[in-house]
Amino acid sequence: MSPSTLELGTEDWRRLRDALRYQARDLHHRSYAVPADRRELLWEEMDRCLSLAGRIEGLIVREEA
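Residues numbered from 1 in each chain as written. Predicted model: local features only at pLDDT ≥ 70, side-chain atom pairs only at ≥ 80, totals over all residues. Heavy atoms only, no water.

With that settled, the discussion passes to the pattern of salt bridges. Overall, the coordinates contain nine salt bridges when judged by the stated rule. E57 is paired through a salt bridge with R17; the nearest N and O atoms lie 2.5 Å apart. One end of the pair, E57, is in helix α2 (residues 36–64); the other, R17, is in helix α1 (residues 10–31), with 40 residues separating them in the sequence. Residue R17 is classed as buried on the basis of its relative accessible area of 11%. R48 is paired through a salt bridge with E45; the nearest N and O atoms lie 2.7 Å apart. Remark: E45 and R48 occur in helix α2; sequence separation between them is three residues, near one turn of the helix. Relative accessible area serves as the criterion here: at 48%, R48 is assigned to the partly exposed category. When its relative accessible area of 33% is taken as the criterion, E45 is described as partly exposed. Shared partners join several salt bridges into a network, and the residues in it are R17, D18, R21 and E57. (Salt bridge = Lys/Arg side-chain N within 4 Å of Asp/Glu carboxyl O. Helix = DSSP H or I, 4+ residues; strand = E, 2+ residues; numbered from the N terminus. Buried < 20%, exposed > 50% of the residue type's maximum accessible area, 1.4 Å probe, protein only.)

Moving on to α2. With 29 residues, α2 extends 42 Å from end C-alpha to end C-alpha; this agrees with the ideal 42 Å at 1.5 Å per step. Listed as buried for α2 are L42, M46, C49, A53, I56, L59 and I60. (Expected span 1.5 Å × (residues − 1).)

What follows covers the side chain of R17. Within the structure, R17 has its side chain in polar contact with the side chain of E57 (distance 2.5 Å). Those residues within four positions of R17 in sequence are excluded, and the remaining contacts are A53, I56, E57 and I60. (Polar contact = N/O pair within 3.5 Å; in protein donor to acceptor, adjacent residues only side chain to side chain. Contact = heavy atoms within 4.5 Å.)

Take a look at the structure:
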């Protein structure tokens, strides 16, 4: 899949990437206020957000090359 697949502009993809990174930071901060079992779930979701943000970053780089 490339950024053009969904007909989004590069700026749209950057916003999505940045929103995912922001969400990951928020999940990380919230993880300090919950029990250990809940913390693991938040960290898993944080990892998913960062992974998807990384994939989007790769798409952006390839689109600009």
